[in-house]
Amino acid sequence: MISDLGDPQPGRSLSLRRIAFAIVALYLLSFAQVSPAGASPMRLSALGAQSWLVFDVTNLQQHPSLARTFAHADVELFDEWAGAVVPIGTSGAVGLFLNRPTPSIGRLNDYTATTGSRAFRSLVSTPWLDGVASMRLGGSTDVGVALRAAYDRSHRGAAEASTSLRQALIGLSFGAGKSRGLDMTVRLDQVAFRDRDEGFSASETDGTGLGVEVRGRWQLQSGLYTIPWISWEQSKAGLAPESRTLTALQSGLGINARPNASTLVVAGLLLGVDEEEVIDATGVVRRHRVVQMPTTVGGIEVQSGSMSIRVGIRHCAGWVQRTAEGVTDESFSTHLVSHVGVGFRFGDVAVDGLLRKQILRDGPYLLTGDADEGGLFTNLSLTYFLFD
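All values derive from a computational prediction rather than experimental measurement. (Residues numbered from 1 in each chain as written. Predicted model: local features only at pLDDT ≥ 70, side-chain atom pairs only at ≥ 80, totals over all residues. Heavy atoms only, no water.)

J.: Break down the packing of aromatic side chains for me, citing the residues and quoting the values.
T.: Per the counting criterion, the structure on display carries six aromatic pairs. When the centroid spacing of 5.0 Å and the interplanar angle of 5 degrees are considered together, the rings of Trp52 and Trp229 count as stacked. Linking Trp52 in the loop between α2 (41–46) and β1 (72–76) with Trp229 in strand β9 (residues 224–239), this pair joins segments that are 177 residues apart in sequence. Here Trp52 and Trp229 have matching classes, each one buried. Members of the aromatic cluster, joined through ring pairs, are Tyr111, Phe120 and Phe193. A cation sits over an aromatic face here: Arg100 above Phe97, 3.8 Å from the ring centre. Across the ring face of Tyr111, the terminal group of Arg244 is positioned such that the distance to the ring centre comes to 4.4 Å. (Phe/Tyr/Trp six-rings, centres within 6.5 Å; stacked < 30°, edge-to-face > 60°. Helix = DSSP H or I, 4+ residues; strand = E, 2+ residues; numbered from the N terminus. Buried < 20%, exposed > 50% of the residue type's maximum accessible area, 1.4 Å probe, protein only. Lys NZ or Arg CZ within 6 Å of the ring centre and 35° of its normal.)

J.: Got a sec to walk through the pattern of salt bridges? Specific residues and values, please.
T.: Where charged atoms of side chains with opposite charge meet at close range, the side chains can pair. Under the counting rule described, the total for this entry stands at 19 salt bridges. Where Arg43 meets Glu301, a salt bridge forms, and the shortest distance between an N and an O atom there is 2.9 Å. Taken as a pair, Arg43 in helix α2 and Glu301 in strand β12 (residues 285–304) lie far apart in primary sequence, 258 residues in all. As far as burial versus exposure is concerned, Arg43 and Glu301 are alike and both buried. Between Arg196 and Glu160 there is a salt bridge; the shortest N-O distance is 2.3 Å. With Arg196 in strand β7 (residues 180–197) and Glu160 in strand β6 (residues 159–174), this pair connects stretches of sequence that are 36 residues apart. (Salt bridge = Lys/Arg side-chain N within 4 Å of Asp/Glu carboxyl O.)

J.: Give me the confidence of the model for the protein: which residues, what numbers.
T.: Residues at a pLDDT of 70 or more form 84% of the protein, whose mean pLDDT is 83. Segment residues 1–38: pLDDT under 50, and 48 contacts once partners within four positions in sequence are set aside and those in other chains are kept. Counting contacts from residues 365–371, a segment whose pLDDT is below 50, to residues more than four positions away or on other chains yields 21 contacts. (pLDDT = per-residue confidence, 0-100. Contact = heavy atoms within 4.5 Å.)

Here it is, written out as structure tokens:
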């Protein structure tokens, strides 16, 4: 009789085969056409998740005046949004993004989930307009405008609820292609609420917002830039009879360096304060304040052929203060977040992904999967560049 000895450790054998297969696939991809490093939201996440530290397409969310500089098409394969910015001649560009999330929309949805009727709390605003345009004014000066809108509505019987957010961004960039430059943007917000049912009706209080962001760049020597940055915003939009004020101030100083043609290093320090204050109809104040102690951000990208390896860290320290019903709670915490990313460039097309760090323990599937399914990548970006 022939006995079947089997594999004494089948799970381990399968894991090793997956790892070997993935390594071979990455090795073969690295022999594709050599091209400059790409840029995408996934690349940004792998380098510390601070857009102001890098010069790439992710800057367009804060500075529409850079649209002409960073014309591209982008598809976020697992975040379910896409967009394109197309150059017009040599002096302008226009673009449209579909379903792209923004921090402002996220903060709006966080608030609507905590107040009002059941219908109002169920609202989740999503983007329906996100357009950008820029043009060169002359020399090295560009001007840009972006218009954004997000909306949601629920209507059942006599119950009706809706939220909307409209934003206009106006930006100027000076010194494109020069050793020194400045990017600055002013953002205007308009928020509207409606919560109505039999016996009551409520709308927004105030509903206005303003934001300003400024980033400088100063070339100290070839391949080395120092980057000062500051951002301030304030929004006053609550569901009556509540009043709500949201204020955020952040600043940072960083470097963007290329020691050689195939290596990029970014590093920075941040400070900031975020505060949300809600006053209800009886005058009771709820306040949530987060003081961002010096936060350290760093990342490195090394390119070999058309393949790039990226490693980034972000160390945060925060002092949190919560006030409710006259009682204040305070706490202090720190945490470290790290990411590993891989990018591939094929001519004008780039594929960027965040690696699942547990792959060496569990073994990956070939391409993708979420944090619990053993995928090689947790997320992917596909970008086509129109400006190289």
